[in-house]
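Each chain, letter by letter, is given below.
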Amino acid sequence: MHEIISDIYHAAAGTKSWAVVLTRITRDLDLLGCQMIGVSTVRGAVLFSFASDDAPSGIELEYIRKYHAVDPRVPMVLGRETGEWVYDQDVFDLEILTTSSYYADLLIPYGGQYSASVKLVGGDDETVFLACMSKYGDVGFTSHHRQYIEALAFHLREGAGLYQRTRRLTTSAMAGTEMLHRIPRPAMLLGPDRTMHFMNEAAKRFIDGAGILFLAGDRLAALHGASDNELAITFQSIGEDIKSELVLGGLPKRRTLRL
């Protein structure tokens with residue numbers, strides 16, 4: 001316990017990754033994974049995301065892309081005091097595992113079932129959440145699990161607050177780079193004008209060897225003329241989706257094109 005508390009304050013100071021803390025919790029309690037998310041209270045945008053090393057990268061990405069908007073735990077966690085854990089197995093009946101898309105389409109297919117969630121920081125500008133997920137078929141969060149994570153609640157709350165105050169948010173791409181590092185497929189973080197902000201190692205290898213995409217300066221382009229036109233049309237459509245989302249609300253569409 002002393003070691004993990006030390007790691008929490010190292011992560012708060014930026015000398016270790018939050019993934020170290022979350023991975024220790026996951027392995028000590030034999031969980032599916034843990035995820036910590038910072039959200040802009042004003043814009044609803046995800047400011048950062050960290051996950052334990054053994055958490056499936058797909059569940060983290062899909063949660064941020066889509067399922068955070070339908071997560072039935074969020075209103076409950078928002079309504080609690082900071083540091084107060086919410087155990088969904090105590091709140092929901094088993095029916096929700098089939099009626100809620102968060103459970104039926106995301107958590108269960110990735111091998112999870114129950115979760116313990118807490119609001120670490122709550123304020124006018126930013127809210128920080130932490131969630132730990134049990135494995136599918138396990139009994140959920142036992143008294144041992146609860147004593148362990150509740151003993152850490154104060155230090156997690158203090159550490160998240162320190163991290164919030166000391167880090168410098170130079171770009172909202174922080175969440176993207178953390179996730180893209182863990183995705184095994186080629187993945188890139190692009191601006192609306194196709195400017196490359198970040199790519200993972202698999203994407204670098206793909207661009208270097210596939211002969212399909214390349215960087216024109218810092219801008220993504222397709223080698224084949226027709227494909228490049230399709231790429232330009234797709235990004236124009238994404239831009240229109242974003243403008244529509246700002247006015248009407250909802251989620252941008254997922255666009256797919258063949259190169």
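What counts as what
Residues numbered from 1 in each chain as written. Predicted model: local features only at pLDDT ≥ 70, side-chain atom pairs only at ≥ 80, totals over all residues. Heavy atoms only, no water. Helix = DSSP H or I, 4+ residues; strand = E, 2+ residues; numbered from the N terminus. Buried < 20%, exposed > 50% of the residue type's maximum accessible area, 1.4 Å probe, protein only. Contact = heavy atoms within 4.5 Å. Areas by Shrake-Rupley, 256 points an atom, 1.4 Å probe, with all protein chains shown as cover. Salt bridge = Lys/Arg side-chain N within 4 Å of Asp/Glu carboxyl O. pLDDT = per-residue confidence, 0-100. Polar contact = N/O pair within 3.5 Å; in protein donor to acceptor, adjacent residues only side chain to side chain. Pairing = 2+ DSSP bridges. Phe/Tyr/Trp six-rings, centres within 6.5 Å; stacked < 30°, edge-to-face > 60°.

### Things to note about the overall build of the protein chain
Summing up its helical and strand segments, the protein chain has twelve helices and nine strands in all. Taken along its principal axes, the extent of the C-alpha atoms in the protein chain is 60 × 45 × 35 Å. Going through the 259 residues of the protein chain one by one, you find that 46% of them count as buried. Residue pairs in contact within the protein chain that sit at least 24 positions apart in sequence constitute 59% of those at least 6 positions apart. Carbon and sulfur atoms provide 53% of the accessible area of the protein chain, an area that totals close to 13,700 Å².

### Some points on the pattern of salt bridges
Across all of its chains, the model carries 14 salt bridges by this definition. With a shortest N-O distance of 3.8 Å, R254 and E62 are connected by a salt bridge. With R254 in the segment after α12 (225-248) and E62 in helix α3 (residues 57-65), this pair connects stretches of sequence that are 192 residues apart. Salt-bridge contacts for D228 lead to R194; the nearest nitrogen and oxygen are separated by 3.1 Å. With D228 in helix α12 and R194 in the loop between β6 (188-190) and β7 (196-199), the pair connects residues that are 34 residues apart, well separated along the chain. Taken together, the salt bridges that share partners define one network made up of E3, D7, K16 and R24.

### Digging into the confidence of the model for the protein chain
Across the protein chain, pLDDT averages 85, with 92% of residues at or above 70. This stretch, residues 169-173, has a pLDDT under 50; its non-local contacts, to residues over four places away or in other chains, come to six contacts.

### Overview of the environment of R27
As for its placement among the helices and strands, R27 is situated in helix α2 (residues 18-29). Measuring from C-alpha to C-alpha, the distance between R27 and D54 comes to 8.7 Å, with 27 residues separating the pair along the chain. When neighbours within four sequence positions are excluded, R27 is seen to be in contact with D53 and D54.

### Concerning the environment of I238
Within the secondary structure layout, I238 lies in helix α12. For I238, a relative accessible area of 29% corresponds to the partly exposed category. Note: C-alpha distance between I238 and P192 (46 residues apart in sequence) is 7.8 Å.

### Examining the side chain of D7
Turning to its location among the elements, D7 is positioned in helix α1 (residues 2-13). Here K16 takes part through its side chain, which lies 2.7 Å from a polar atom of the side chain of D7. At 3.3 Å, the side chain of D7 forms a polar contact with the side chain of R24. With sequence-adjacent residues up to four places away left out, D7 is seen in contact with K16, V20, V21 and R24.

### Regarding the pairing of β7
Across three bridges, β6 lies against β7 in antiparallel orientation. Considered in β7, the bridge of L190 is made with M196. What sits between the antiparallel neighbours β6 and β7 is a turn of five residues, in which R194 has the positive phi angle 70°.

### As for the packing of aromatic side chains
Scanning the entire structure with this criterion turns up eight aromatic pairs. Measuring from centroid to centroid gives 6.1 Å for W18 and Y163, while their planes differ by 80°, and the two rings are edge-to-face. Taken together, the residues span a long stretch of sequence, with W18 in helix α2 and Y163 in helix α9 (residues 153-166) at a distance of 145 residues. In this structure, W18 and Y163 share a single accessibility class: buried. Ring centres of Y102 and Y103 lie 4.8 Å apart, and the angle between their planes is 80°; this geometry places the pair in the edge-to-face category.

### Overview of the sheet that holds strand β5 (residues 126-135)
The antiparallel open sheet is built from five strands, whose spatial order is β2-β1-β5-β4-β3. In this open sheet, the two edge strands, each paired with only one partner strand, are β2 (46-51) and β3 (86-87). Examined bridge by bridge, strand β1 (residues 33-40) and β2 share five bridges and lie antiparallel to one another. Paired with I37 across the strands is S49, a residue of β2.

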